[in-house]
Amino acid sequence: MNLEQALPKTTVEIPAGLELITLGAGCFWCTEAVFQRLEGVEKVVSGYSGGIIPNPSYKQICTGTTGHAEVINVFF
């Protein structure tokens, strides 16, 4: 079985009038805090991207074995 086909895909709804950028920069909590302070940013959502485990926990991510990156979605 192709692993990529087995993993769920996430769809993000972008509210009318906004744009979305997804950024990976190590620790999402630190990055999230910076972007929340910027004028024009409406919402910041932390999560994970990529990887080989569907719906991993933060503890699993911290092991460095899931292949996921910590990311934020910035709606502006």
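The following paragraphs examine the structure supplied in this document. Note that the coordinates shown come from a computational prediction; the quantities given were computed from them, not determined experimentally.

**Some words on the sheet that holds strand β3 (residues 68-75)**
So, point 1. The strand order across the open sheet formed by 3 strands is β1-β3-β2, and the pairing between neighbours is antiparallel. Of all strands in the sheet, those bounded by a partner on one side alone are β1 (20-24) and β2 (43-50). The sheet shows a mean angle of 30° between the axes of neighbouring strands, direction not considered.
So, point 2. Sheet analysis places β2 next to β3, joined by 8 bridges and oriented antiparallel. Paired with serine 49 across the strands is alanine 69, a residue of β3.
So, point 3. Packing of helix α2 (residues 28-36) onto the sheet brings it into contact with β1, β2 and β3, and relative to β2 it is tilted by some 150°.

**Re the side chain of threonine 66**
So, point 1. For threonine 66, the location among the structural elements is in the loop between α3 (58-62) and β3.
So, point 2. Classification of threonine 66 as buried rests on a relative accessible area of 1%.
So, point 3. Within polar-contact distance, the side chain of threonine 66 engages the side chain of histidine 68 at 2.9 Å.
So, point 4. What threonine 66 contacts, discounting residues up to four positions off in sequence, is Gly51, Ile52, Ile53, Gln60 and Ile61.

Rules of the game
Residues numbered from 1 in each chain as written. Predicted model: local features only at pLDDT ≥ 70, side-chain atom pairs only at ≥ 80, totals over all residues. Heavy atoms only, no water. Pairing = 2+ DSSP bridges. Helix = DSSP H or I, 4+ residues; strand = E, 2+ residues; numbered from the N terminus. Axes fitted to C-alpha atoms, helices over the stretch in contact; angles between N-to-C directions. Contact = heavy atoms within 4.5 Å. Buried < 20%, exposed > 50% of the residue type's maximum accessible area, 1.4 Å probe, protein only. Polar contact = N/O pair within 3.5 Å; in protein donor to acceptor, adjacent residues only side chain to side chain.

Any link to function would need more than the numbers given here.
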